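# Structure assessment
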Amino acid sequence: MPTPRRLLPLCLAFALTASALAPLATAQTLARPGWVGSGMNIDLWWKHAVVYQVNPADFSPTGGSPLHGVTQRLDYIQSLGVDAVLLTPIQPDPTHAQAINPALGTLDDLDDLIHEASRRNLRVLLDLDPQIPTADLPNVARFWLNRGIAGFHVAGSSDAAHAQAAELRKATSSYLGQRILIGDVDPTLPSDPRQRTWKAPDPQSPQLTLDPRPGTPDKLIASAIRPAIDTLQDVFQSGHTLPLLATDGPAFKRSMSRYADGQHDVAIAKVLAAILFTSHADSLLYYGQELGVPASTSDATTPLITWDGPPPPAKGKPAPPPPASDAPPNVALQDADPSSLLNWYRRLSELHHGNATIANGQTITLNHDDQNVLVWVRKPETVSPITPVLVVICNLSAQPVQLSLKAELTRLHFRGSFLRTVLRSDNGMGTMHLESMTIAPYTAYIGQLRY
């Protein structure tokens, strides 16, 4: 037991230590037993992650503040297999970067959102206003990190954005709980790796690099998307940063309107989702794309999403008519429909998280541009009956396509004669034979290579 003379120095030492650790102690919302990154698990939570980006004002515009509305929908967000929620900028302006726009809610609303998200093993990330002065960023970052924010997204690839990213990376690295930074890919880089020399990013680069190029071309054309998928493999092999693939976001017209043809709209959306979840990247969803939300209407009073289904008919009364074709997507109806776009996203998210080959396997693209078909192979580190090669096929055309993959897979030294279905977006049944297979219009197919 310490003597009285020794007790005072010990108390002073304890007080100094506690004071030095105070910023970290208040930021331990995410560093708790059982959490990835809490010290109980060495895995990185942001590898193989799915991030759900939300504009609170549009996602839940009624029923209290928008931030409170996001909190009310966390169970739904969790059902998508999401790892983190990314909030679009919530500050009123760059000069008030430690405040929340009153139209969106209060700091208490944000604290409640972080707390409730934490209970569901969800992290909350924040888009920072790119106009915040770089000199102010350290204090701004500490303010939000101390409240439990798990990381930031820096928009743009300008010199100012790079300076902002450097400051934020320093801040996030000083906190426990695996706080992260998301940067944007330089849009001036050619998507075709043959047109540029790949330079591995610095170890202090953002952990995730947001890359919309594979999912946002003007048209769904294999020749435009395939080279961009090849670059994802390059980024993954660099080891310092991972690609975060997006098909929708605040800067893009929604994919449901961008690619819809009026006949195969849901089928096209399912193919795009397959590209998002099965290539060598983390995935970013923009709220509502999993439901097929089209471009925003000019009528601000029309909700983008309807959450509740129609009430059951009264006894002896006929069932209500189905929603009109132009009605907002209905969560309750899609939730009850196994073939809905919503449930397709959930199955892809489950595959993204649960299949080791999808998570870590090498990506090898096959050139079927002349048929407007994307085909790529996901090769596990060790090919075995337990960990087989996976083949992903996406028909981007409105016509059925005949494929023969036997010769190409043989040249890659893969043994197999057929594909056993893992997931498919159409109503087809049975296996696919490598010598000859038919892929229906706008269909995504994922199969294990077997022999």
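Provided above is the structure to which this section pertains.
Residues numbered from 1 in each chain as written. Predicted model: local features only at pLDDT ≥ 70, side-chain atom pairs only at ≥ 80, totals over all residues. Heavy atoms only, no water.

### Structural notes on the overall build of the protein
Here is the rule: Secondary structure follows DSSP: runs of H or I at least 4 residues long count as helices, runs of E at least 2 residues long count as strands, and numbering of each begins at the N terminus. In this scheme, a residue with accessible area under 20% of its type's maximum is buried, one over 50% is exposed, and one in between is partly exposed, where area comes from a 1.4 Å probe on protein chains only. Any pair of residues with heavy atoms lying within 4.5 Å of one another is described as a contacting pair. Here, Shrake-Rupley sampling with a 1.4 Å probe gives the accessible areas, and only protein chains in the shown set may cover a residue.
On a plain count of helices and strands, the protein comes out with 14 helices and 16 strands. Looking at the 451 residues of the protein, the share that counts as buried comes to 50%. Intrachain contacts of the protein at a sequence separation of at least 6 include 74% that bridge at least 24 residues. When the accessible surface of the protein is totalled, it reaches about 21100 Å², and 56% of it is carbon and sulfur.

### Considerations on the sheet that holds strand β2 (residues 84–87)
This is how the line gets drawn: By this definition, two strands are paired if DSSP reports at least two bridges between them. Fitted lines through C-alpha atoms serve as axes, helices being fitted only where they are in contact, and the angles separating the N-to-C directions of these axes extend from 0 to 180 degrees.
With parallel pairing, the 8 strands of this closed barrel are ordered in space as β1-β2-β3-β4-β5-β6-β7-β8. Strand-to-strand, the axes of this sheet are offset by a mean angle of 25°, without reference to chain direction. In this sheet, strand β4 (residues 151–153) lies alongside strand β3 (residues 123–127) in parallel orientation, the contact comprising 3 bridges. Residue pairing across strands places Leu125 opposite Gly151, the latter belonging to β4. Where helix α10 (residues 265–278) meets the sheet, its contacts fall on β1 (50–54), β7 (242–246) and β8 (282–286), and the angle it forms with β8 comes to roughly 140°.

### Description of the sheet that holds strand β11 (residues 390–395)
Here 6 strands make up an open sheet; going across it, the order is β9-β10-β11-β16-β13-β14 and the pairing antiparallel. What marks the edges here is a single partner per strand, and that holds for β9 (362–368) and β14 (432–433). Judged from the 6 bridges that link them, strand β13 (residues 418–424) and strand β16 (residues 444–450) form a sheet pairing that is antiparallel. Across the sheet, Leu423 pairs through a bridge with Ile446, a residue of β16. Each of β10 (373–379), β11 and β16 touches α10; the most contacted strand, β11, lies at about 150° to it. Relative to β13, helix α12 (residues 341–354) is tilted by about 120°, and along the sheet it contacts β13 and β16.

### Here we look at the packing of aromatic side chains
For the record, the criterion: Pairing of aromatic side chains here covers Phe, Tyr and the six-membered ring of Trp, requires ring centres within 6.5 Å, and sorts the geometry by plane angle: under 30 degrees stacked, over 60 edge-to-face, intermediate tilted.
Inspection of the entire model under this criterion finds 7 aromatic pairs. Ring centres 6.2 Å apart and planes at 75° place the aromatic pair Tyr52 and Phe59 in the edge-to-face group. Note on accessibility: Tyr52 and Phe59 belong to one class, buried. Between the aromatic rings of Phe143 and Trp144, the centroid separation amounts to 4.9 Å while the plane-to-plane angle is 85°, which identifies the pairing as edge-to-face. You can call Phe143 partly exposed: its relative accessible area is 22%. Its relative accessible area of 0% is what places Trp144 among the buried residues. Grouping aromatic residues by their ring pairs yields a cluster made of Tyr52, Phe59, Tyr76, Tyr286, Tyr287 and Trp307.

### Comments concerning the pairing of β8
For β8, a buried count of 5 out of 5 residues is recorded, marking the element as mostly surrounded by other parts of the structure. Side chains of β8 alternate between two faces, with Asp282, Leu284 and Tyr286 and Ser283 and Leu285 buried alike. In terms of strand pairing, β1 meets β8 through 4 bridges, oriented parallel. In the sheet register, Val50 faces β8, and the bridge partner there is Ser283. Bridge count between β7 and β8: 3 bridges; the pairing is parallel. Bridge pairing in β8 places Leu244 opposite Asp282.

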